[in-house]
Each structure stands twice: as C-alpha cells, then as structure tokens.
Amino acid sequence: DIEALRSLGIATEIRALNSLRKLEDEEFQGKNVVILTDFDEKGEKLHKKLRKTLELGGAKIIESKRRAVEVLLALKKTKEVEALKSIAKELRWSL
C-alpha cells in the first residue's frame, strides 16, 4: 500500500505491481529494490517469485528493509503491509 509506505516517510520511488507480467516490462537493471509483500504464506511465496525475477533482471534486492518492516508488523501482531499507516501514526509524538 503506497499510502502506508509514504506515511513512514519513504520518499523514494514506489511502484505497485499487480502482476509479474508488468514486472517483466519494467527496467530494474542495476537498481536497489526493496520488495514489500504481506508476510503471510501467500505474500512470502510472491516475494520469492519477485526476488528471483528481479535478480535475473539485474536488480539488487535489499532484504534488511523488508526484515525491519516485518519486525514492526510483528509488534502489531499483523502480517499485512497496510498496517504500516497506523504504526506510523503511533510513532509520531505530539509535544
């Protein structure tokens, strides 16, 4: 969910892909990529497919960011990336 990622302050390019076919049309050669799928069984399978396709296309996959998001979601006892928006709200301090 792009809105959830933006709420965390991510200002770099974000692409939402709805199919692997569209992924093949994109150019990722030499780019650093973070794959954020949900962390349930379906999301993990999709992550593996995306990683393989992107690496074959010359992308460098950055796993540390994905694992950091996984930790945040685990604290909220959820596996859905959409929950990042509510987490971001909780992290903001009002002084």
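So, how was this worked out
- Each chain carries its own residue numbering, running from 1 in the written order of its sequence.
- The model is predicted, so local features are restricted to residues of pLDDT at least 70 and side-chain atom pairs to those at 80 or more, both for listing and for counting; the totals for chains, interfaces and linings are taken over all residues.
- As a rule here, side-chain values come from all non-hydrogen atoms in the structure, and water together with hydrogens is ignored.
- Secondary structure elements are defined from DSSP: runs of H or I of at least 4 residues count as helices, runs of E of at least 2 residues count as strands, and each element is numbered from the N terminus.
- Partly exposed residues are those whose accessible area sits between 20% and 50% of the maximum for their type, while under 20% is buried and over 50% is exposed, using a 1.4 Å probe and protein chains only.
- What sets the accessible areas is the Shrake-Rupley method with a 1.4 Å probe; for residues, cover comes only from the shown protein chains.
- In this scheme, a helix's expected span is set at 1.5 Å multiplied by one less than its residue total.
- As used here, the term nonpolar core means buried Ala, Val, Leu, Ile, Met, Phe, Trp, Tyr and Cys residues forming a set that is joined through side-chain atoms within 4.5 Å.
- Whether two residues are in contact is decided by their heavy atoms, any of which lying within 4.5 Å being enough.
- By definition, a salt bridge exists where a carboxyl oxygen of Asp or Glu is found within 4 Å of a side-chain nitrogen of Lys or Arg.
- Every patch collects residues that have over 30% relative accessible area and no salt bridge, joining them within 9 Å if they carry like charges and within 5 Å if they are nonpolar side chains (Val, Leu, Ile, Met, Phe, Trp, Tyr).
- This count recognises Lys and Arg as positive and Asp and Glu as negative, with His and chain-terminal groups excluded.
- Charge placement uses NZ in Lys and CZ in Arg. For Asp and Glu, CG and CD serve respectively.
- pLDDT expresses, on a scale from 0 to 100, how confident the predictor is about each individual residue.
- Contacts described as polar in this section are N or O atom pairs within 3.5 Å, which, within protein, must combine one atom able to donate a hydrogen with one able to accept it, while residues neighboring in sequence count only if both atoms come from side chains.

Peer 1: What is the right way to read the overall build of the protein from this model?
Peer 2: Secondary structure assignment for the protein yields 5 helices and 2 strands. Put simply, the protein runs from its N terminus to its C terminus through helices and strands in the order α-α-β-α-β-α-α. When the 95 residues of the protein are sorted by exposure, 26% land in the buried category. Surface exposure of the protein reaches about 7000 Å², of which carbon and sulfur atoms provide 52%.

Peer 1: Help me understand helix 3 (residues 41-56), please; the structure alone is not making it clear to me.
Peer 2: Think of an α-helix as 3.6 residues a turn; residues three or four steps apart then line up on the same face. Between its terminal C-alpha atoms helix 3 stretches 23 Å, which fits the 22 Å expected from 16 residues at 1.5 Å a residue. Directly after helix 3, the chain includes glycine 58, whose backbone phi takes a positive value near 95 degrees.

Peer 1: Looking at this model, I keep getting lost on the nonpolar core. Mind explaining?
Peer 2: Burial of nonpolar side chains together is a common tendency in soluble globular proteins. Membership of the largest hydrophobic core is limited to 10 residues, which are Ala4, Leu5, Ile14, Phe39, Val69, Leu73, Val81, Ala83, Leu84 and Ile87. Counting only elements with at least two residues in this core, the list comes to helix 1 (2-7), helix 4 (63-75) and helix 5 (84-91). Discounting residues that sit within four places of it in the chain, leucine 73 has contacts with Phe39, Thr78, Lys79, Glu80, Val81, Ala83, Leu84 and Ile87. Counting residues in each nonpolar core, the second largest holds 7 residues, with Phe28, Ile35, Leu50 and Ala59 among its members.

Peer 1: Can you help me understand the pattern of salt bridges in this one?
Peer 2: Side chains bearing opposite charge may pair, as long as their charged atoms lie close to each other. Under the defined criterion, the tally for this structure stands at 7 salt bridges. Between glutamate 13 and arginine 15 there is a salt bridge; the shortest N-O distance is 2.6 Å. Note on glutamate 13: relative accessible area 57%, which makes it exposed. For the salt bridge of glutamate 44 with arginine 66, the shortest nitrogen-to-oxygen distance reads 3.4 Å.

Peer 1: I would appreciate a short explanation of unusual backbone geometry in the present structure.
Peer 2: Only a minority of non-glycine residues have a phi that is not negative, and only a minority of peptide bonds are not trans. With phi around 60 degrees, lysine 77 is a residue other than glycine that occupies positive phi space. Turning to its location among the elements, lysine 77 is positioned in the loop between helix 4 and helix 5. With a relative accessible area of 79%, lysine 77 lands in the exposed category.

Peer 1: So what exactly am I meant to see when it comes to a negative patch on the surface here?
Peer 2: There is a patch of like negative charges on the surface, built from Asp1, Asp40, Glu80 and Glu82. Relative to the helices and strands, aspartate 40 is located in the loop between strand 1 (32-33) and helix 3.

Peer 1: So what exactly am I meant to see when it comes to the confidence of the model for the protein here?
Peer 2: Parts of the prediction with low pLDDT should not have their coordinates interpreted in detail. The predicted model of the protein has a mean per-residue pLDDT of 83, with 87% of residues at 70 or higher. When pLDDT is averaged over each element of the protein, strand 2 (residues 60-61) comes out on top at 94 and helix 2 (residues 20-25) at the bottom at 66.

Peer 1: Which parts of the structure should I look at to understand the side chain of arginine 66?
Peer 2: In this structure, arginine 66 sits in helix 4. Here isoleucine 35 takes part through its backbone oxygen, which lies 3.2 Å from a polar atom of the side chain of arginine 66. Every residue in contact with arginine 66, bar those within four places of it in the chain, is listed here: Val34, Ile35, Leu36, Thr37, Asp38, Phe39, Gly43, Glu44 and His47.

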